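# Observations on chain architecture
Given next are the chains, with one letter for each unit.
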Amino acid sequence: MSKIQFPEDFLWGAAAASYQIEGAWQEGGKGESIWDRFSHTPGKVRGGDTGDAACDHYHRFREDVALMRELRLKSYRFSISWPRVMPSGRGKVNQAGIDFYSSLVDELLNSGIEPLATLYHWDLPQALQEKGGWADRDIAGWFADYAAAMGRALGDRVKKWVTLNEPQIFCALGYLTGEHAPGEKDAMKYFRASHFANLAHGRGVEALRSEAHGANIGTVLQLPPFHPGSDREDDHEAARKMDGVFNRWYAEPVLLGRYPADMLDLFSVLDIPIEDGDLDVISQPIDFVGLNLYTRAFAKKDPSTPLLEAAYDVDHRTPGAAHTEMGWEVYPQAMFETLARFKDEWGNPPVYVTENGAAFADRFEDGSVNDQDRIDFLKAYLERARAAMDYGVDLRGYFVWSLMDNFEWAHGYSKRFGIVRVDYETQRRVPKASAFWYRGVIENNGFEI
Ligand code: GCO
C-alpha cells in the first residue's frame with residue numbers, strides 16, 4: 001500500500017448546482033428558467049422528469065449543510081439561480097431569492113465550510129432567452145449586471161466565485177445539438193453564443209471585481225482530452241480539430257487572450273461577431289481556473305460536418321475498459337493529461353478540480369449503498385491529480401461531483417452521481433460508502449492505494 005498525500009491547505013469540497021437540486025421552481029418570487037421551460041416540454045427529458053422539486057434543497061439547505069459538516073467538507077460549490085434572484089433576468093432583484101442564498105452562505109460559514117459560488121450553471125432566465133439568450137451580444141451586459149448584483153449581495157462573505165460553468169457544454173448542447181435548453185440546432189447561433197459566453201465571462205469578472213472586494217474569481221471549463229478513434233492520420237487531425245473547437249476555443253481566449261488561429265482560419269467564412277476590444281475583456285486576469293473532468297473523448301474524420309470535417313467518435317469503445325452509467329470510459333489519465341496542459345500550454349494558473357465523479361448503478365440494500373466502484377473511480381482520478389501536482393501543476397483543491405444524487409439534465413433522475421443517496425419520494429438523504437471514504441480522505445488529507 002502507498003499513501004497519496006496532499007498539501008495541508010488543499011481545499012476538499014463537493015459540488016452541486018441550482019437547477020439540479022433546489023426545486024421550488026416557482027417559489028419565493030423565482031422567475032422561469034430555460035430549464036423549467038425545457039423540462040416541461042414533452043420529450044426533452046427522460047421520463048418527463050423536471051427540476052420542479054429535485055432534492056428540495058431550497059427548503060432543506062440547513063439539513064444539507066449539516067450533512068456537509070458531518071462529512072468534514074472544507075468547501076461547497078453551489079450555483080446561484082439567476083431567475084431566482086432576478087426573475088426577468090434584468091433590473092429589479094427579488095429579495096426573497098437573495099435571502100435564500102444569503103442564508104445558505106451564513107449556514108456554510110457558521111459550519112466552517114467555505115462557499116464557492118457559480119454565477120451561471122445553465123438556468124438562464126427564460127425572459128432573456130426570449131430576447132436572444134446567449135446568441136445575443138447584449139447577454140454580456142445582462143450577465144455583468146447580474147454579477148454585480150450578486151457581488152453586492154454576497155461579496156462580503158463569498159470570496160471564491162466562478163462566472164460560467166462549462167460554456168462549451170451549454171453552448172454546444174443548447175444551440176448545436178439541441179439536447180439541452182434552449183434546445184436550438186443552429187450552427188451560427190452556436191458560434192455567436194460561444195463568443196458571447198466568453199465575452200460575458202469577461203464582463204462578469206469586471207463586475208464582480210467592482211463589487212466583491214478581495215474576491216478570487218475564475219471560470220469553469222470541461223476539457224476532455226480528444227484522442228483519435230483510430231491510428232489513421234485523418235483521425236489524429238480530427239482529434240486536433242475537436243480539441244480546437246470544444247476545448248481551446250474556450251480556454252485560450254480567457255488564458256492567452258486570443259482565439260486559436262487554426263480555428264479562426266477554419267471558421268473564417270462565418271461572420272463570428274468578434275469585435276475590437278472583445279479579447280481584452282475576455283482575457284482580463286482571473287485568479288484560478290476550475291476544471292470539470294470526467295473522461296476522454298474520441299474523434300473521427302467526418303466529411304459531413306461542415307468546415308470542421310470532424311466529429312465525436314461516440315461509437316468508439318476501448319476494449320476491456322470500464323464505463324460509468326453515462327457510458328463514459330473510466331480513464332483516470334485524462335485527469336493528468338488535461339491538468340498538465342495548464343502548465344505546458346496555458347501559463348500554469350492556479351487550478352481547482354471543480355467537478356469529478358461518476359454515475360454508477362448504485363444498489364440500495366439494507367439502508368446503505370456500498371458504492372466501491374465510485375470509491376475506486378475517485379481514488380484513481382485523485383492519484384492522477386496528485387501526479388499532476390508532482391509534474392508542477394498548481395492544483396489547489398478538488399470538488400467531488402456531486403454532494404448528492406440530483407437532476408442529471410436530459411437524463412432526469414436516472415443517473416446517480418452523488419456520494420449521498422437521495423430518495424426522491426421521501427427526500428431522505430443517506431450517505432453512501434463513498435461519502436465516508438471521502439470524509440477519511442479529507443481528515444487524512446490523502447488516502448492509501
Ligand atoms: C456537467 C455539469 C454537471 C453535470 C455533471 C454530470 O459537467 O455536465 O457541470 O451539472 O451534472 O457533470 O454530467
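Residues numbered from 1 in each chain as written. Predicted model: local features only at pLDDT ≥ 70, side-chain atom pairs only at ≥ 80, totals over all residues. Heavy atoms only, no water.

## A closer look at helix α3 (residues 57-70)
Convention followed: Strands are runs of DSSP state E lasting at least 2 residues, helices are runs of H or I lasting at least 4, and numbering of each runs from the N terminus. Given a helix with a known number of residues, its expected span is that number minus one, times 1.5 Å. What we call the bend at a residue is the angle made by axes fitted to the seven residues finishing there and the seven residues starting there. Here's how the labels work: a residue is buried when its accessible area is under 20% of the maximum for its type, exposed when over 50%, partly exposed in between, all with a 1.4 Å probe on protein chains only. Residue contacts are counted whenever heavy atoms from the two residues lie within 4.5 Å of one another.
Helix length check: α3, at 14 residues, gives a terminal C-alpha distance of 17 Å against a target of 20 Å (1.5 Å per residue), a shortfall beyond 12%. Roughly 40° is the biggest bend found in α3, and it falls at Glu 63. Along α3, the residues that are buried comprise His 57, Tyr 58, Phe 61, Asp 64, Val 65, Leu 67 and Met 68. Against the buried residues of α3 lie α1 (18-21), β3 (75-79), α4 (82-85), α5 (95-110), β15 (420-423) and β16 (428-431). Immediately downstream of α3, the backbone of Arg 72 shows phi near 65°, a positive value.

## Things to note about the sheet that holds strand β2 (residues 11-15)
The condition that has to hold: By the convention used here, strands pair only if DSSP detects at least 2 bridges between them. To define axes, lines are fitted to C-alpha atoms, for helices over the stretch in contact only, and angles between the resulting N-to-C directions are given on a 0 to 180 degree scale.
Around the barrel, which closes on itself, the eight strands sit in the order β2-β3-β4-β5-β6-β8-β11-β14 with parallel pairing between neighbours. Strand-to-strand twist in this sheet, taken as the mean axis angle between neighbours without regard to direction, amounts to 25°. Taken together, the four bridges between strand β4 (residues 114-120) and strand β5 (residues 160-165) define a ladder with parallel strand orientation. By the bridge assignment, Leu 116 is partnered in β5 with Lys 160.

## Considerations on the pattern of salt bridges
The line we're drawing: A side-chain nitrogen of Lys or Arg and a carboxyl oxygen of Asp or Glu constitute a salt bridge if their distance falls within 4 Å.
According to the stated counting rule, one finds 39 salt bridges in the structure shown. Close ionic contact of Glu 22 with Arg 84 constitutes a salt bridge, the shortest N to O distance being 2.8 Å. Taken as a pair, Glu 22 in the loop between α1 and α2 (34-39) and Arg 84 in helix α4 lie far apart in primary sequence, 62 residues in all. Notably, a salt bridge pairs Arg 240 with Glu 233, separated by 2.6 Å at the nearest N-O pair. Residues participating in the shared-partner salt-bridge network are Asp 362, Asp 371, Arg 374, Asp 405, Arg 416 and Lys 432.

## Thoughts on the site of the ligand
In plain terms, the rule: When at least one non-hydrogen atom of a residue lies within 4 Å of a molecule or strand, that residue is treated as near it. Side-chain atoms alone can form a polar contact between residues adjacent in sequence; in general such a contact is a pair of N or O atoms within 3.5 Å, and within protein one must be able to donate a hydrogen while the other accepts it. For the area figures, the Shrake-Rupley method with a 1.4 Å probe applies, and any residue is considered shielded solely by the protein chains shown. Residue classes follow a fixed rule: Ala, Val, Leu, Ile, Met, Phe, Trp, Tyr, Cys and Pro count as nonpolar, while Asp, Glu, Lys and Arg count as charged, and any other residue, Gly among them, counts as polar.
Of all residues adjacent to the ligand, which total 14 residues, the nearest are Gln 20, Glu 166, Tyr 294, Glu 355 and Glu 408. In this structure, His 121 approaches the ligand through a side-chain N or O atom, which is 2.9 Å from an oxygen atom. Taking Asn 165, its side chain carries an N or O atom lying 3.0 Å from an oxygen atom of the ligand. A total of 320 Å² of accessible area belongs to the ligand in isolation, and the protein chains cover 96% of it. Considering only residue class, the shell around the ligand consists of six nonpolar, five polar and three charged.

## A closer look at the side chain of His 57
Along the chain, His 57 turns up in helix α3. Given the relative accessible area of 2%, His 57 is considered buried. Once residues lying within four places of it in the same chain are set aside, the contact partners of His 57 are Ile 21, Glu 22, Asp 64, Tyr 76, Phe 100, Leu 104, Met 404 and Arg 429.

## Observations regarding unusual backbone geometry
The omega torsion across Ala 181 and Pro 182 is 5°, close enough to zero to call that bond cis. With respect to the helices and strands, Pro 182 occurs in the loop between α8 (167-176) and α9 (187-211). In this structure, Ser 402 follows Trp 401 across a cis peptide bond, with omega equal to 10°. In this structure, Ser 402 sits in the loop between β14 (395-401) and β15. Residues other than glycine seldom take positive phi values, yet Arg 72 does so here, at roughly 65°. In this structure, Trp 409 takes a positive phi of about 50° despite not being glycine.

## A look at the nonpolar core
Counted only if it meets this: Residue types Ala, Val, Leu, Ile, Met, Phe, Trp, Tyr and Cys, when buried and joined through side-chain atoms within 4.5 Å, form a set referred to as a nonpolar core.
Core analysis: the biggest nonpolar cluster contains 144 residues, and Ile 80, Trp 134 and Trp 161 have the highest contact counts within it. It is helix α7 (residues 139-154) that provides the largest number of residues to this core, a total of eleven residues. Dropping the residues within four chain positions of it, Trp 134 is found in contact with Tyr 120, Leu 124, Ile 139, Phe 143, Leu 164, Phe 170, Tyr 175, Arg 192, Ala 193, Phe 196, Ala 197 and Ala 200. The next biggest cluster of nonpolar side chains, apart from the first, holds 14 residues, and it includes Leu 11, Val 162, Met 326 and Ala 359.

## Some thoughts on the environment of Ala 54
Turning to its location among the elements, Ala 54 is positioned in the loop between α2 and α3. Residues Ala 54 and Val 422, 368 residues apart in the sequence, show an inter-C-alpha distance of 9.7 Å. Beyond its immediate stretch of four places on either side in the chain, Ala 54 contacts Tyr 19, Gln 20, Ile 21, Glu 22, Gly 23, Tyr 413, Tyr 424 and Gln 427.

## Some words on the packing of aromatic side chains
In plain terms, the rule: Only Phe, Tyr and Trp rings take part, Trp by its six-membered ring, and two of them pair if their centres are within 6.5 Å. Stacked means planes under 30 degrees apart, edge-to-face means over 60, and tilted covers everything else.
If you walk through the whole model with that rule in mind, you get 46 aromatic pairs. Seen in terms of ring centroids, Trp 12 and Tyr 438 are 6.0 Å apart; in terms of plane orientation they differ by 85°. Their pairing is edge-to-face. Residue Trp 12 is found in strand β2, and its partner Tyr 438 is found in helix α15 (residues 433-444); the two are separated by 426 residues along the sequence. Comparing Trp 12 with Tyr 438, the two get one shared label, buried. Taken together, the ring pairs in this structure connect Tyr 19, Trp 35, Phe 38, Trp 122, Phe 407, Trp 409, Tyr 413 and Tyr 424 into an aromatic cluster.

## Looking at the sheet that holds strand β9 (residues 297-301)
Strand order in the open sheet formed by three strands is β7-β9-β10, with mixed pairing between adjacent strands. Only two strands of the sheet have a single partner each, and these edge strands are β7 (226-228) and β10 (310-312). Taking the axes of each pair of neighbouring strands and ignoring which way they run, one obtains an average angle of 40° across the sheet. Alignment of β9 against β10, held across three bridges, turns out to be antiparallel. If you follow Lys 301 over to β10, its bridge partner there is Ala 310.

## Considering the environment of Gly 112
Among the secondary structure elements, Gly 112 is positioned in the loop between α5 and β4. For Gly 112, a relative accessible area of 58% puts it in the exposed group. The spatial distance from the C-alpha of Gly 112 to the C-alpha of Glu 309 is 51 Å, given a sequence separation of 197 residues. If we skip the residues at most four places from it in the chain, Gly 112 touches Leu 73 and Lys 74.

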